[in-house]
Each structure stands twice: as C-alpha cells, then as structure tokens.
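Residue-level listing of the chains:
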Amino acid sequence: MRLLLLLLIAGLCLSRCTNQQQGTAIPMPATMPARSYTDLKAAIDSDREAFGQLYRSAARREKLWIQVKDYWVRMLGRDLYEQWNGTPWDFNGTTRVPHEGTIACGYFVTGLLLDMGYPLDRVKLSTCASLTMMKALTRGQRVLNASYLSYAGFCATIRDAGKGIFIVGLDYHTGFLVNDGTDTWFLHSNYINRAGVVKEKMAVSAALRASRTRFVVSLTSDTAFLLRWMKN
C-alpha cells in the first residue's frame, strides 16, 4: 500500500513537471474527497482566475476551450453535484447551502452557476420562465427547440452533441444536461415525489420524458458565456 502511494505521488510530480516544461499550466482538479463545500467553491474560484490568466497569455486558444469544457463537466457535473445530492426539493426552496433547507429547480440551476463563479441576478433568473433564463445566460446563441423530436431522438441529439454542459427548459421545470463523454445525465432538483437533487440518466428521467416542450442551450460551447465566467 505504501509503495502504491509513493508511486502515485511520483506520477503526480512527474505530470506537473512535464506540464511546466511544455508551458501548459492547466489548473489542477479543484476537489479532494474530503473537501468541504466552502473549500470547493474557493478552489473553483481560484481555478477560474487561472483559466483567465491562461486565456490572456495564450496565442492559440483551441486547447484552452477544451480544457475549460472538461473542467465544467467535472466540477458542475460531478463535484458540485456530489455536494448537493439529496438536498430536498420545494417549490419555494431557495437555499444556498446543500442540505440546509430546500431548493426549487430554477434556484438550483442558478445556485450551481454561482458556485462555479458565474455572475448573475439569482432571484430574477430563478423566477422567470426557463427560456428567458437561458437566453439571458447565452446571449446571441440560438436556443434549440427540440420539442418536435421523439424522446429517443432528443436523447440522441444531446449524446451526439458531445461532451459538455447544457441547460434544458421544460414545461414547468429546468435543470442541467451533462454529457460526460461516456453517458448523458439530467442533473436537477426533482419535483417528482419531492425527490430533490438527483443525477439520473437521461434515458430513464421521468421529468424529462413527461414534458411536452424541451428547449436546450449549451453553456460550454458558448465562448462568450465562458469568457464572462473567466473575466468575472
């Protein structure tokens, strides 16, 4: 066990040295298993600033956008979710702290964006129609109206879009769609049976399937959105 630990430490050190030699100072993952919610948010804020510095110094930014996309998928789609997992749903829920109080679907979406360090008017965007919220966050991006697709076709569209974070607006509900490169997930504060914050595979999501309308925007393919995040 001790030998394995030493090998892992050596591997991490070698990776850091290699990155420095190649001039690719990629922010390290912002989470550790025992990290608190407060520490996680602070680490994300530090990483956001590091990405901003990389943007200002990079001659070519194609790889940077890929790194930022991967970061959002990992942080929002996994690490922040793990903090919020199981927080109870309520129509009037507005808590900013996981497992303290309740959280409605719109406030959950805006709350996680604030956790990521994205500047927004939380009350205004949480209480308006989800389509209005999506347009405000991704100014100029065309909102995809996928309501005409079969449910299988809708799931295939998100799968084929590739790795990334999306917001979906439903009849009376909203949440994140997460394509992690392996599978697609619906991350939301689930009103069905008052389940609260869950991350469920798109293919089996009752809330997604039940909605007659499905509007989608991509956060991680919108460079203007990501620039506002990095420059905040």
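None of the values given here were measured: they were computed from a predicted structure.

*Asks:* Explain the overall build of the chain to me, using residue names and the numbers behind them.
*Replies:* For the chain, the helix and strand inventory stands at nine helices and six strands. Counting over 232 residues, the chain shows a buried share of 44%. The contacts of the chain with a sequence gap of at least 6 include a subset with a gap of at least 24, amounting to 58%. For the chain, the computed accessible surface area is about 12100 Å², with 56% contributed by carbon and sulfur atoms.

*Asks:* Give a detailed account of the environment of Thr 174, specifying residues and quantitative values.
*Replies:* Relative to the helices and strands, Thr 174 resides in strand E3 (residues 174-179). Classification of Thr 174 as buried rests on a relative accessible area of 4%. Each C-alpha atom, one on Thr 174 and one on Met 134, is 9.9 Å from the other, the two residues being 40 residues apart in sequence. For Thr 174, the side chain forms a polar contact with the main-chain oxygen of Val 168, separated by 2.8 Å.

*Asks:* Please provide a residue-by-residue account of unusual backbone geometry, values included.
*Replies:* In the Ramachandran plot, Asn 193 falls in the positive-phi region, its phi being about 55 degrees despite a non-glycine side chain. Along the chain, Asn 193 turns up in the loop between strand E4 (184-190) and strand E5 (196-201). Positive phi, normally seen in glycine, also occurs at Arg 194, with a value near 55 degrees. Overall, the relative accessible area of 49% leaves Arg 194 in the partly exposed class.

*Asks:* Explain the packing of aromatic side chains residue by residue, including any values.
*Replies:* Under the definition given, this model contains 11 aromatic pairs. Centroid distance Phe 51 to Trp 229: 6.0 Å. Interplanar angle 45 degrees. Geometry classified as tilted. Of the two residues, Phe 51 is situated in helix H2 (residues 37-57) and Trp 229 in helix H9 (residues 223-231); the sequence distance between them amounts to 178 residues. For Trp 229, a relative accessible area of 0% puts it in the buried group. Centre to centre, the rings of Tyr 55 and Trp 65 are 5.8 Å apart; their planes meet at 50 degrees, and the pair counts as tilted. Residue Tyr 55 is located in helix H2, and its partner Trp 65 is located in helix H3 (residues 62-84); the two are separated by 10 residues in the primary sequence. Aromatic rings pair up to connect Phe 51, Tyr 71, Trp 72, Tyr 118, Phe 225 and Trp 229 into one cluster. Over the ring of Tyr 55 we find Arg 61; its NZ or CZ atom is 3.8 Å from the centre of that ring. Lying over the aromatic face of Trp 185, Lys 199 brings its terminal NZ or CZ to 5.2 Å of the ring centre.

*Asks:* Just give me the short version of the confidence of the model for the chain, but keep the residues and values in it.
*Replies:* For the chain, mean pLDDT is 88; residues scoring 70 or higher make up 85% of the total. Scored below 50 in pLDDT, residues 1-33 shows 22 contacts in the model against residues more than four places distant or in partner chains.

*Asks:* Would you mind going over the sheet that holds strand E2 (residues 164-169) in detail, with residue names and values included?
*Replies:* Strand order in the open sheet formed by six strands is E1-E6-E2-E3-E4-E5, and the pairing between neighbours is antiparallel. In the strand order of this sheet, the two ends are held by strand E1 (144-145) and E5, each with one partner. Lying over the sheet, helix H7 (residues 151-160) contacts E1, E2, E3, E4 and strand E6 (215-218), oriented at roughly 55 degrees with respect to E3.

Criteria and cut-off values
- Residues numbered from 1 in each chain as written.
- Predicted model: local features only at pLDDT ≥ 70, side-chain atom pairs only at ≥ 80, totals over all residues.
- Heavy atoms only, no water.
- Helix = DSSP H or I, 4+ residues; strand = E, 2+ residues; numbered from the N terminus.
- Buried < 20%, exposed > 50% of the residue type's maximum accessible area, 1.4 Å probe, protein only.
- Contact = heavy atoms within 4.5 Å.
- Areas by Shrake-Rupley, 256 points an atom, 1.4 Å probe, with all protein chains shown as cover.
- Polar contact = N/O pair within 3.5 Å; in protein donor to acceptor, adjacent residues only side chain to side chain.
- Phe/Tyr/Trp six-rings, centres within 6.5 Å; stacked < 30°, edge-to-face > 60°.
- Lys NZ or Arg CZ within 6 Å of the ring centre and 35° of its normal.
- pLDDT = per-residue confidence, 0-100.
- Pairing = 2+ DSSP bridges.
- Axes fitted to C-alpha atoms, helices over the stretch in contact; angles between N-to-C directions.

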